[in-house]
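Here's the letter readout for the chains.
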Amino acid sequence: MKTFIKLSKNLGSGYVLFLLFTLTGCNLSDITNSAKTIDGEMIPPDRIESPEGARWVYLGAVGKFNQYLGLQATSVAIFTDELALLPDLEQISIDVRANLDVVNRPGPYVISSTTSSSQATRVQLEQAIQLLDKYSGVSGNPMKAHAYALLSLTYTMIADVTCSGYAISESKWGGEFIPGRALSTDSLYARAIAIAEKGLAIETDSLPLTLLLKGVKARALNSQGRYKDASDMVSDVPDIFAISEVFLASKTGVDTSLKYFPQISLEPARYTILNNKGGNGLDWVAALGSQQDMRVPVRADGQGNFIYPLNTDFSFSSRSVSYFSGVEARLIEAEYYLDAGQVPQFIERINSVRRLYKLRSGAQLADTTDPGSPSGRIDLLFRERAYTFYATGRRLGDLRKLTRRYGRDPENVWPIGPSEGKLILTYGNNYVFVPEVQGLGEEATNNPNYEACESYEP
């Protein structure tokens, strides 16, 4: 057994808090399939400026990315149609819903802890790359390439959910803060593509890592509407390919196993899965007598509510969310065929994904057929994406894409009308996350270029 150190928060002066990260080896597969953590200790900062220290910081950045990915998945599930609050419960959320009337802009937006986590993740990954460049030499190539893959994904995830005009400041190792200017949504995707290309330029002799970098680049290309480029990028990704990280459950004394959603932010029996949430949501739960699609695992609470299945045989306790997978590659190809008007190939790609999944009975999902219209095919693509990527943080980006790329009316895309729960609020006709409110936060305080978001539209 070899023991590494996992960074748990940003470095500063004096001592730094770490978690011990125990692995059975030191290669990439060990890092991405780790399954155990224990409380750590204080590490003197003078041990960071070394090859070993660079590896510590890299491992910490990987852990930070995992936390961010889990947080974004939770936030997106709540603020789209994936999850709803059970009746008569107070809306105690990790996010705050807000309106923009005070600044005369179209609403609504969400003040989200997800955005601060995304910035912290971005900075830690960038600083890890700086240290690996400085100290690790050729031996650090897999770690650098992996860090570039996660950094590219971070930018894509920011672009998926955040309002256009997001300020990206630069934080050099050692504390230098260089104020950045606002980047549009498409500029964030372009940055994600450029970062993935840096990772691909590194020689690692690792096919899984190369496929991961191709995948994260393709995801950003697809989000930009460059469907052919994205499809070409993933043509050699096998159906069964997946690279993922596990998420850590909070230590509540109830369950310390690895979980998909952080226990602290998604409490058991607090959220439900609603069909047609807000009038525009998908029907996630099969009708009585029908077979449930296992891509959306549910259980009943005995009172007519379907609860997200923590601690059941359909829970995510043994499932992690893939950074990129073969099924995502096939759906990217499907979108290219849809855009190119090649309907048979589009339907074939959709069905190739469906054949990899089953119903609750264990039977394979049946093939689907051509809906017969361009609008119906778009509906089919995004329904299959929704089921395949249920509760993985992608849904909000897809809803925004439906309006931004496909011209759908936001009133017919987002949940609208009264929300659930004891405190009745009103859904808006779109949601974006904002990084900070004026006057509060690192960017608003220290960046003279920060002017909130340029656009709150999808």
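Now for a look at the structure at hand. (Residues numbered from 1 in each chain as written. Predicted model: local features only at pLDDT ≥ 70, side-chain atom pairs only at ≥ 80, totals over all residues. Heavy atoms only, no water.)

**Thoughts on the overall build of the protein chain**
When you go through the protein chain residue by residue, the secondary structure sums to twelve helices and 19 strands. Put simply, the protein chain has 458 residues, and 55% of those count as buried. By sequence separation, contacts in the protein chain at least 24 residues apart represent 68% of the contacts at least 6 residues apart. Total accessible area on the protein chain is roughly 18,900 Å²; 51% of this is exposed by carbon and sulfur atoms. (Helix = DSSP H or I, 4+ residues; strand = E, 2+ residues; numbered from the N terminus. Buried < 20%, exposed > 50% of the residue type's maximum accessible area, 1.4 Å probe, protein only. Contact = heavy atoms within 4.5 Å. Areas by Shrake-Rupley, 256 points an atom, 1.4 Å probe, with all protein chains shown as cover.)

**A look at helix α3 (residues 113-135)**
Helix length check: α3, at 23 residues, gives a terminal C-alpha distance of 33 Å against a target of 33 Å (1.5 Å per residue), a fit within 8%. Most of α3 sits inside the fold, with 17 of its 23 residues counted as buried. Two residues or fewer past α3, Gly 137 is found with a positive phi of approximately 65 degrees. (Expected span 1.5 Å × (residues − 1).)

**Quick look at the pattern of salt bridges**
Applying the stated criterion across every chain yields a total of 24 salt bridges. For Glu 49, the salt bridge is made with Lys 134, and the minimal N-O distance between the two is 3.6 Å. In this pair, Glu 49 sits in the loop between β4 (42-43) and α2 (51-79) while Lys 134 sits in helix α3, placing the two residues 85 residues apart along the sequence. Residue classification places Glu 49 among the partly exposed residues on the basis of a relative accessible area of 33%. Put simply, Asp 229 and Arg 226 hold a salt bridge, and the shortest N to O gap is 3.2 Å. Classification of Asp 229 as partly exposed rests on a relative accessible area of 36%. Within the structure, one salt-bridge network assembled from shared partners comprises Asp 239, Arg 330, Glu 333, Glu 348 and Arg 349. (Salt bridge = Lys/Arg side-chain N within 4 Å of Asp/Glu carboxyl O.)

**Some thoughts on the environment of Ala 61**
Structurally, the position occupied by Ala 61 is in helix α2. On the basis of relative accessibility, which here comes to 0%, the residue Ala 61 falls in the buried class. Here the alpha-carbon distance between Ala 61 and Glu 126, two residues 65 residues apart in the chain, equals 8.9 Å.

**With respect to the environment of Val 298**
Within the element layout of this structure, Val 298 appears in the loop between β13 (271-272) and β14 (299-300). The class for Val 298 is buried, based on a relative accessible area of 4%.

**Concerning the packing of aromatic side chains**
Aromatic ring pairs: the centre-centre distance and the angle between the two ring planes describe each pair. Applying the stated rule across the entire model yields seven aromatic pairs. Ring geometry for Phe 65 versus Tyr 323: centroids 5.2 Å apart, planes at 90 degrees, classification edge-to-face. Here Phe 65, found in helix α2, pairs with Tyr 323, found in strand β16 (residues 321-325); they are 258 residues apart in sequence, far enough to count as distant. A single burial state applies to Phe 65 and to Tyr 323, both of which are buried. One aromatic cluster in this structure is built from Phe 65, Tyr 68 and Tyr 323. Here the basic side chain of Arg 295 rests over the ring of Tyr 357, its NZ or CZ set 5.4 Å away from the ring centre. Its guanidinium or amino end placed over the ring of Phe 389, Arg 394 lies 4.6 Å from that ring's centre, counting from NZ or CZ. (Phe/Tyr/Trp six-rings, centres within 6.5 Å; stacked < 30°, edge-to-face > 60°. Lys NZ or Arg CZ within 6 Å of the ring centre and 35° of its normal.)

**Here we look at the packing of helix α4 (residues 141-161) against helix α6 (residues 207-223)**
Two measures define how a pair of helices packs: the angle their axes make with one another and the distance between the axes. One way to put it is that α4 packs onto α6 with a least axis distance of 10 Å and a crossing angle of 20 degrees. Of the possible angle classes, the one that applies to α4 and α6 is roughly parallel. Between α4 and α6 lies a crossing of left-handed hand. Residues Pro 142, Ala 145, His 146, Tyr 148, Ala 149, Ser 152, Leu 153, Thr 156, Met 157 and Asp 160 of α4 pack against Leu 209, Leu 212, Leu 213, Val 216, Arg 219, Ala 220 and Ser 223 of α6. (Axes fitted to C-alpha atoms, helices over the stretch in contact; angles between N-to-C directions. Parallel < 35°, antiparallel > 145°, perpendicular 65-115°, else oblique. Left-handed = near helix turned anticlockwise from the far one by under 90°.)

**Topic: the nonpolar core**
Of all hydrophobic cores here, the largest spans 55 residues; its most connected members are Tyr 58, Phe 65 and Leu 188. Looking at this core, the elements that each hand over two or more residues are α2, α3, α4, α5 (185-200), α6, α7 (227-233), β16 and α8 (326-340). Listed in part, the 41 residues of the second largest apolar core include Ile 78, Tyr 337, Val 353 and Phe 382. (Core = buried A, V, L, I, M, F, W, Y, C linked by side-chain atoms within 4.5 Å.)

**What about unusual backbone geometry?**
Backbone geometry at Asn 276 places phi at a positive 55 degrees, although glycine is not the residue there. By the secondary structure assignment, Asn 276 is in the loop between β13 and β14. Overall, the relative accessible area of 39% leaves Asn 276 in the partly exposed class. Notably, Ala 391 is not glycine yet its phi reads approximately 60 degrees, a positive angle. Tracing the backbone through its elements, the reader meets Ala 391 in the loop between α10 (374-388) and α11 (395-404).

**Things to note about the packing of α3 against α4**
With their axes 10 Å apart at the nearest point, α3 and α4 run at an angle of 155 degrees to one another. With respect to each other, α3 and α4 are oriented roughly antiparallel. Our pair here, α3 against α4, has a crossing hand that is left-handed. Contact residues: Ser 118, Thr 121, Arg 122, Leu 125, Glu 126, Ile 129, Leu 132 and Asp 133 in α3; Met 143, Lys 144, Ala 147, Tyr 148, Leu 150, Leu 151, Thr 154, Tyr 155 and Ile 158 in α4. A per-class count over the contact of α3 with α4 returns ten nonpolar, three polar and four charged. (Nonpolar A, V, L, I, M, F, W, Y, C, P; charged D, E, K, R; others polar.)

These figures come from the coordinates and say nothing about function on their own.
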